[in-house]
Amino acid sequence: MKKRVVASKNASEFLIVFGLLLLAVLVRGQTFGNPVIGFDEQFYLLVGDGMWHGMVPYVDIFDRKPIGLFLIYAVADGIGGDGFFQYKLVALGFVVATAYLVYCGALRISTPFSAIVVACLYIFWLNFMEGEGGQSEVFFNLPMIAAGLIAWRAFETRRHVLRRGVETMLLVGVALQIKYTVVFEGIFFGCALLWTHWLVHKRVGVLMLAALLWIGCALLPTILAAAWYWHIGALQQFVFANFFSMFGKHVGNQIYGSGEIILILLPLLLLSWPCWRRDASTRFVCVWIFASILGVMVMGSYGTSHYGMPILVPATLAAAPFFAAAKRAKLYALIIMGLLFIAAQVVLARVEFLKGGNAAARAIASAARPTHGCIYVYDGYPALYMLTHSCLPTRWAFPGHLNTQDEAFPAALGIDPVAEETRILATHPEVIVTDTPAYAGVNLATHALVQAALAKDYRLALRYRTGAVRDRLVYRLK
């Protein structure tokens, strides 16, 4: 009888995972053939692909993201093919696994039906926050929810606190090597674990030893990464890119981005209201929401909606009691999910219209393909380097590093962007790719240099319209 019950439970769990996988494929399927859905992830794939050819992040190519994110993209690129579909496949796996853990966590405070509903909500809401592809948040949400569920269990049961604290902080450490903004959620988990440990043992010395052990676990992946860079003689580049360069940026007006995040998350946060009226166990999830919001706010960079994705995990968990308690909950859930599915597809279509899709990427790549030397993407798709099989003309290959005012400082990049722009243009790249009109917040100095070089030495080879007003421009050397 016991074996039969276990087999039945395993079968139902399999069906839930399969259902979440099917839903994720349907919700995200529009993106699978599009190599240019997000500028950030195009660049992450470029770095991951370069790692297979000896490129060392921070040494041969500059960025601020931790090495763990690039390793994920390197693994995805190593699956085969051109990498653009493969990284989306890996991201799909992370999304489904995260949604399943949302379901598992929601079971603790609601019914199986409501747990399934909020797991689906997580999949839907990613599309509204630029999470339809492989943004870093799509990946680090998985270790963070795993860490949160373990810390929550320790907080609830007050059993095996030391071991569960080690497991929690190791997972936080892994997430830190995908993006450092998870540190504030990690601090919340640590504080909850310390409080629980104190309630169990009430010995200051033992508590301090536990705290040191957990901090060490959280820092271990970062220490290992730093040790490897020290081993190859590149610790200075690693430390600057990972820890100092972010303070050299001058973040511009964030009002639009923060307002967008609030509007997108507000319906979900309103659904979480019943969670506040329960016991201390559910309030753990509510405080988790505040920790994730604090992490977004303190980092001070939330110009676009994807920065709010860490809030999705605890917010969807907290919404579960609503669907467990509401009258006609099944009807509400059916209507909400139907509307969300339609809205999610409209959003993806809108994004492709504005940014361009596979047709735009292939046409621009065809016009930009070099016969010798490198192309230079001053503004536009970082994916063009891979699509044209071009070499990189600069270590600062992400266009935003040299073409935005936020980055226009040596303290942010380690070099003077005007000097680097001058150096690149002096090599006379065979092709220069840019956009018009220039985005708000453009680096006026580097923009003027590029425009002067285009007028003097280049001819327009292709003008490709995306959206209502944006043109993607390909210039070839005369």
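Please refer to the structure higher up on the page.
Below: a short report on this structure. Keep in mind it's a predicted model, so treat the numbers as computed, not measured.

### Focus on the overall build of the protein chain
Point 1. Summing up its helical and strand segments, the protein chain has 21 helices and 4 strands in all.
Point 2. For 478 residues, the compact-globule formula gives about 23 Å, and the C-alpha radius of gyration of the protein chain, at 24 Å, lands near that figure.
Point 3. Projected onto the principal axes, the alpha-carbon positions of the protein chain cover approximately 75 × 55 × 45 Å.
Point 4. Taken across its 478 residues, the protein chain has 53% of its residues classed as buried.
Point 5. Here the protein chain has roughly 20,800 Å² of accessible surface; of this, 69% comes from carbon and sulfur atoms.
Point 6. Seen as two clouds, the 38 positive and the 27 negative side-chain charges of the protein chain have centres 13 Å apart.

### Quick look at the state of the cysteines
Each disulfide consists of a covalent bond between the sulfur atoms of two cysteine residues.
Point 1. Tallied over the full model, the rule gives 1 disulfide.
Point 2. Paired by a disulfide, Cys-374 and Cys-391 hold their sulfur atoms 1.8 Å apart. On the sign convention where negative means left-handed, the S-S torsion of about -115° between Cys-374 and Cys-391 marks this disulfide as left-handed. Residue Cys-374 is found in the loop between helix 16 (358–368) and strand 1 (375–377), and its partner Cys-391 is found in the loop between helix 17 (384–387) and helix 18 (399–403); the two are separated by 17 residues along the sequence.
Point 3. Unpaired in this structure, Cys-191 has its nearest cysteine sulfur neighbour in Cys-217, at a distance of 16 Å.
Point 4. Residue classification places Cys-191 among the partly exposed positions, given a relative accessible area of 46%.

### Here we look at the packing of helix 2 (residues 39–51) against helix 3 (residues 67–78)
Point 1. Relative to each other, helix 2 and helix 3 sit at 75°, their axes nearing to 7 Å. In terms of axis orientation, helix 2 runs roughly perpendicular to helix 3. Between helix 2, through Glu-41, Tyr-44, Leu-45, Val-47, Gly-48, Asp-49 and Met-51, and helix 3, the contact on the second element is made entirely by Ile-67, Leu-69, Phe-70, Leu-71, Tyr-73, Ala-74 and Asp-77.
Point 2. Per-class residue counts for the contact of helix 2 with helix 3 are 10 nonpolar, 1 polar and 3 charged.

### Observations concerning the packing of aromatic side chains
Point 1. Summed over all chains, the structure comprises 28 aromatic pairs.
Point 2. Relative to Phe-128, the ring of Trp-125 has its centre 5.9 Å away and its plane inclined at 90°; by these criteria the two rings are edge-to-face. One end of the pair is Trp-125 and the other is Phe-128, both in helix 5 (residues 112–128) and 3 residues apart, which spans about a single turn.
Point 3. Residue classification places Phe-128 among the buried positions, given a relative accessible area of 16%.
Point 4. Ring-pair connections join several aromatic residues into one group, and the members of that group are Tyr-44, Tyr-58, Phe-70, Tyr-73, Tyr-87, Phe-94, Phe-139, Tyr-180, Trp-228, Tyr-229, Phe-238 and Phe-243.
Point 5. Above the face of the Trp-152 ring, Arg-108 is positioned so that its terminal group lies 4.9 Å from the ring centre.

### Notes on the nonpolar core
Point 1. One finds Leu-121, Trp-125, Met-129, Phe-189, Leu-312 and Leu-384 to be the most contacted residues of the largest nonpolar core, which totals 144 residues.
Point 2. Setting aside chain neighbours within four positions, we find Leu-121 in contact with Leu-268, Leu-271, Thr-316, Phe-323, Ile-336, Met-337 and Leu-340.

Cut-offs used in this document
Residues numbered from 1 in each chain as written. Predicted model: local features only at pLDDT ≥ 70, side-chain atom pairs only at ≥ 80, totals over all residues. Heavy atoms only, no water. Helix = DSSP H or I, 4+ residues; strand = E, 2+ residues; numbered from the N terminus. Rg over C-alpha atoms; globule rule 2.2 N^0.38 Å. Buried < 20%, exposed > 50% of the residue type's maximum accessible area, 1.4 Å probe, protein only. Areas by Shrake-Rupley, 256 points an atom, 1.4 Å probe, with all protein chains shown as cover. Lys, Arg positive; Asp, Glu negative; His and termini not counted. Charge placed at Lys NZ, Arg CZ, Asp CG, Glu CD. Disulfide = S-S within 2.5 Å. Axes fitted to C-alpha atoms, helices over the stretch in contact; angles between N-to-C directions. Parallel < 35°, antiparallel > 145°, perpendicular 65-115°, else oblique. Contact = heavy atoms within 4.5 Å. Nonpolar A, V, L, I, M, F, W, Y, C, P; charged D, E, K, R; others polar. Phe/Tyr/Trp six-rings, centres within 6.5 Å; stacked < 30°, edge-to-face > 60°. Lys NZ or Arg CZ within 6 Å of the ring centre and 35° of its normal. Core = buried A, V, L, I, M, F, W, Y, C linked by side-chain atoms within 4.5 Å.

Just geometry here; none of it tells us what the structure is for.
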